[in-house]
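Summary of structural features
Chain by chain, the residues run as shown.
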Amino acid sequence: PVLVLGLVLVLGGRAGGGGGCQLPAEWRPLSEGCRAELAAIIVYARVLALHPDPYGAYNYLPWQRGPLGGPQQGAGDLFYSAEIELLCDQAWGSMLEVPAGSRLNLTGLGYFSCHSHTVMQGYAYFFFLRMDENYILLPHGVNFQEAIFPDTQENRRMFASLFQFSNCSQAQHVLSFSSDWEIQEDNRLMCSSVQKALFEEEDRVKKLQQKVATLEKRNKQLRDRVKKVKRSLRQARKNSRHMELVNRKLSEKLSSAGGQIPYINSLKQENSHATYLKV
């Protein structure tokens, strides 16, 4: 399976152009306890059987863009569904209302281009699940992280506070991990408060970034206006200097013309007097 997964990851990276596996820029890793609080459904179940899944809405690779229900286009046995049996009641706070011993079908399993949800027949796992609008159960990869945890002592210890072990069909395997409820609740509350604080801080940073972007835009607009005002002022000064030059030249012409006016008047007076004498 590791070799097959490696091959799929390489092919998926080539076919998807390397951009399909990128996490969001604001992504932060979360602990399993924090992610358990955000998971819609958590069950402890054994895998009874595996069934191949056809190419469909939840099972496809990046280079498979054909019509749904068509040929699998080389997917082989990469995708499958599982029939699981609940060994305990669902975890407290889960949205699934079925008792221990219930059998459910889980799809969306297999090797994908950027992740894998894999199980083996006959083994037990802790599942983070979600239900789509058609009531189909799928792995719930909260925060783009692992959704299926093998039945190990470490994982039993980690999820010990989520199940009411008196209703488990295999209580003898899990009851030895009785947890200190006060410590567990303190950890859950701390996780919630820290997570809330992180989200609030990220929201505050986003709002500040938006304000900074708005202020930078306004600042740019003000700079453009200042440039226009300076350009208009330079043009006004240039026009003012030009008008001063024109006025100075006009004044010089008027002053030179003003000196000739008395001589012209005297000539008119002499002419008028001579005409009068002749008459």
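Every value quoted in this text rests on a predicted model; they were computed, and no experiment measured them.

A short note on the pattern of salt bridges
Applying the stated criterion across every chain, the model contains four salt bridges. Of the charged contacts in the structure, one is a salt bridge between Glu85 and Arg46, with a shortest N-O distance of 3.6 Å. Within this pair, whereas Glu85 is found in strand 2 (residues 79–86), its partner Arg46 is found in strand 1 (residues 41–52), the two being separated by 39 residues in sequence. Among the ionic pairs, Arg103 bridges to Glu83, the shortest N-O distance being 3.8 Å. Of this pair, Arg103 sits in strand 3 (residues 103–111) while Glu83 sits in strand 2, placing them 20 residues apart in sequence.

Structural notes on the nonpolar core
When a protein is soluble and globular, its nonpolar side chains tend to lie buried together. The biggest cluster of nonpolar side chains holds 36 residues, and the ones touching the most others in it are Ile42, Val119, Phe127, Phe128 and Phe163. Mapped by element, the contributors of at least two residues to this core are strand 1, strand 2, strand 3, strand 5 (124–131) and strand 7 (148–150). Dropping the residues within four chain positions of it, Ile42 is found in contact with Ala36, Gln90, Ala91, Ser94, Phe127, Phe128, Leu162 and Phe163.

Quick notes on the packing of aromatic side chains
Two numbers describe a pair of aromatic rings. These are the distance of the centres and the angle of the planes. According to the stated counting rule, one finds seven aromatic pairs in the structure shown. An aromatic cluster of at least three residues, connected via ring pairs, comprises Tyr44, Phe126, Phe128, Phe149 and Phe159.

Some remarks on the confidence of the model for the protein
Scored by pLDDT, the protein comes out at a mean of 75, with 65% of its residues at no less than 70. Element-level mean pLDDT values for the protein span from 39 in helix 1 (residues 2–15) up to 95 in strand 7. Taken together, the stretch residues 1–19 has pLDDT below 50 and engages in 22 contacts with residues farther than four places along the chain or on a different chain. Taken as a whole, residues 62–75 scores under 50 in pLDDT and shows 26 contacts with residues more than four places along the chain or in a different chain.

Brief notes about the environment of Gly110
By the secondary structure assignment, Gly110 is in strand 3. By relative accessible area, Gly110 is classed as buried at 0%. Between the C-alpha atoms of Gly110 and Leu78, which are 32 residues apart in sequence, the distance is 5.2 Å. With near-sequence residues (within four places) excluded, Gly110 lies in contact with Leu78, Phe79, Tyr80, Ser116, His117 and Thr118.

Digging into unusual backbone geometry
Positive phi, close to 60 degrees, is recorded for Tyr135, a residue that is not glycine. Counting through the fold element by element, Tyr135 comes out in the loop between strand 5 and strand 6 (137–139). Overall, Tyr135 belongs to the exposed group, its relative accessible area being 67%. Even without a glycine there, the phi angle at Phe144 is positive, about 60 degrees. A relative accessible area of 60% means that Phe144 is categorised as exposed.

Examining a positive patch on the surface
Residues Arg223, Arg225, Lys227, Lys228, Lys230, Arg231 and Arg234 make up a contiguous surface patch of positive charge. Mapping Arg234 onto the fold places it in helix 5 (residues 181–258). You can call Arg234 exposed: its relative accessible area is 52%.

Thresholds applied
All residue numbers refer to positions counted from 1 along the written sequence of the respective chain. For a predicted model such as this one, the threshold for reporting local features is a pLDDT of at least 70, and the threshold for listing and counting side-chain atom pairs is 80 or more; totals across whole chains, interfaces and linings nevertheless cover every residue. In computing side-chain properties, one takes all heavy atoms of the structure into account and sets aside hydrogens as well as water. A carboxyl oxygen of Asp or Glu within 4 Å of a side-chain nitrogen of Lys or Arg is what we treat as a salt bridge. Counting from the N terminus, the helices are the DSSP runs of H or I reaching at least four residues and the strands are the DSSP runs of E reaching at least two. Among the buried residues, those of types Ala, Val, Leu, Ile, Met, Phe, Trp, Tyr and Cys that are joined through side-chain atoms within 4.5 Å form a nonpolar core. In this scheme, a residue with accessible area under 20% of its type's maximum is buried, one over 50% is exposed, and one in between is partly exposed, where area comes from a 1.4 Å probe on protein chains only. In this analysis, two residues are considered to be in contact whenever any of their non-hydrogen atoms come within 4.5 Å of each other. Only centres within 6.5 Å qualify two rings of Phe, Tyr or Trp (six-membered ring in Trp) as a pair; their planes then separate them into stacked at under 30 degrees, edge-to-face at over 60, and tilted for everything else. Scored between 0 and 100, pLDDT is the confidence that the predictor attaches to each residue. Residues with no salt bridge and a relative accessible area higher than 30% make up the patches, which join like charges within 9 Å and nonpolar side chains (Val, Leu, Ile, Met, Phe, Trp, Tyr) within 5 Å. To measure how exposed things are, a 1.4 Å probe is used in the Shrake-Rupley method; for residues, cover is taken only from the protein chains shown. The charged-residue count follows a simple rule in which Lys and Arg add positive charge and Asp and Glu add negative charge, with His and chain termini not counted at all. Note on charges: their place is set at NZ of Lys, CZ of Arg, CG of Asp or CD of Glu.

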